[in-house]
Amino acid sequence: MTAPPLPTGNLPLPRWAYVPGEADEAHADYETLAQITALVPSRFGGHVPGRHPALRYALRLNDHGYFWESQEILEAVWAAAPQGGRERILLRACIQIATANLRLRMQKPHAAARLLGEALGELKALGMRNAGGDGFADGFPVAGLSELIEAKLARPQLAKADWVAFGAVNRT
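Here the structure is a predicted model, which is why all the values come from computation and not from measurement. (Residues numbered from 1 in each chain as written. Predicted model: local features only at pLDDT ≥ 70, side-chain atom pairs only at ≥ 80, totals over all residues. Heavy atoms only, no water.)

**Concerning the nonpolar core**
We count it as follows: Each nonpolar core is a collection of buried residues, namely Ala, Val, Leu, Ile, Met, Phe, Trp, Tyr and Cys, held together in the definition by side-chain atoms within 4.5 Å. Whether a residue is buried, partly exposed or exposed follows from its accessible area with a 1.4 Å probe, protein chains only, as a fraction of its type maximum: under 20%, in between, or over 50%, in that order. By the criteria applied, helices consist of DSSP H or I runs no shorter than four residues and strands consist of E runs no shorter than two, each listed in order from the N terminus. Between two residues, a contact is recorded if the distance between any of their heavy atoms is within 4.5 Å.
Of all hydrophobic cores here, the largest spans 52 residues; its most connected members are Ile73, Leu74, Leu90, Leu145 and Ile149. Those elements giving two or more residues to this core turn out to be helix 1 (30–37), helix 2 (53–63), helix 3 (67–80), helix 4 (86–105), helix 5 (109–127), helix 6 (136–139) and helix 7 (142–153). Per element, the largest residue contribution to this core is eleven residues, and it comes from helix 4. Discounting residues that sit within four places of it in the chain, Leu90 has contacts with Leu123, Leu126, Phe136, Ala137, Phe140 and Val142.

**Considering the side chain of Ser146**
On the secondary structure map, Ser146 appears in helix 7. Beyond its immediate sequence surroundings of up to four residues, Ser146 is in contact with Leu120 and Leu123.

**What about the confidence of the model for the chain?**
In low-pLDDT segments, the atomic positions of the prediction should not be examined closely. Threshold: As a per-residue measure, pLDDT tells how confident the predictor is, with possible values from 0 to 100.
With 89% of its residues at a pLDDT of 70 or more, the chain shows a mean pLDDT of 89. When the criterion is pLDDT under 50, residues 1–8 qualifies, and its contacts beyond four places in sequence or with other chains add up to seven contacts.

**Digging into the packing of helix 4 against helix 5**
Defined as follows: Each axis is a line fitted through C-alpha atoms, and for a helix only the stretch in contact is used; angles between axes span 0 to 180 degrees, taken between their N-to-C directions. We call two directions roughly parallel when the angle between them is under 35 degrees, roughly antiparallel when it is over 145, roughly perpendicular when it lies between 65 and 115, and oblique otherwise. Handedness of each helix crossing follows the sense of rotation of the near helix against the far helix: counterclockwise by less than a right angle gives left-handed, clockwise gives right-handed. We call Asp, Glu, Lys and Arg charged. Ala, Val, Leu, Ile, Met, Phe, Trp, Tyr, Cys and Pro are nonpolar, and the rest, Gly among them, are polar.
It is at 8 Å that the axes of helix 4 and helix 5 come closest, and there the two elements cross at 165°. Relative to helix 5, the element helix 4 is oriented roughly antiparallel. Taken as a pair, helix 4 and helix 5 cross one another with a handedness that is left-handed. Residues Arg86, Ile89, Leu90, Arg92, Ala93, Gln96, Ile97, Thr99, Ala100, Arg103 and Leu104 of helix 4 form the contact with helix 5, whose own contacting residues are Pro109, Ala111, Ala112, Leu115, Leu116, Glu118, Ala119, Glu122, Leu123 and Leu126. Of the residues contributing to the contact of helix 4 with helix 5, the split by class is 14 nonpolar, two polar and five charged.

**Topic: the environment of His52**
Of note, His52 is situated in the loop between helix 1 and helix 2. Classification of His52 by relative accessible area gives buried; the value is 11%. C-alpha of His52 to C-alpha of Val40: the two residues are twelve residues apart in sequence and 8.5 Å apart in space.

In structure tokens:
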């Protein structure tokens with residue numbers, strides 16, 4: 001028996017943040033993540049809506065320090081996004097950012113810097129693609145996120161406190 005979908009305003013945060021190497025993967029809160037991934041359709045038609053509850057939840061997870069969990073949900077949304085669409089590019093960048101944040105928490109600053117650099121490349125590629133629609137990529141402050149990442153990468157070495165929050169970027 002499956003539970004009914006959760007109301008979008010009441011999606012719970014996981015009970016704890018999973019960090020590889022600090023805990024066995026069996027300690028990840030798969031139960032909460034399964035409730036959210038159940039909201040992701042097998043395929044989005046045309047574009048990924050910027051207000052989709054699983055997408056908003058994944059961004060919220062990242063901004064609350066649940067980096068591994070954010071990456072998991074973002075990957076589910078990415079897999080359902082239309083092939084060749086702008087959302088796939090932005091989602092790939094968001095996945096790389098969440099993964100970079102996780103690497104910072106794991107005290108792997110060089111891996112984090114590499115991932116942030118790759119995310120920045122995706123964001124620049126996204127800026128070269130035609131905009132104009134109702135998708136996630138059309139309403140997201142890509143330029144602000146790019147500037148934030150560039151500022152982080154300009155530092156001599158990244159530290160745990162240098163993680164990137166999506167909510168730190170001004171939305172237009």
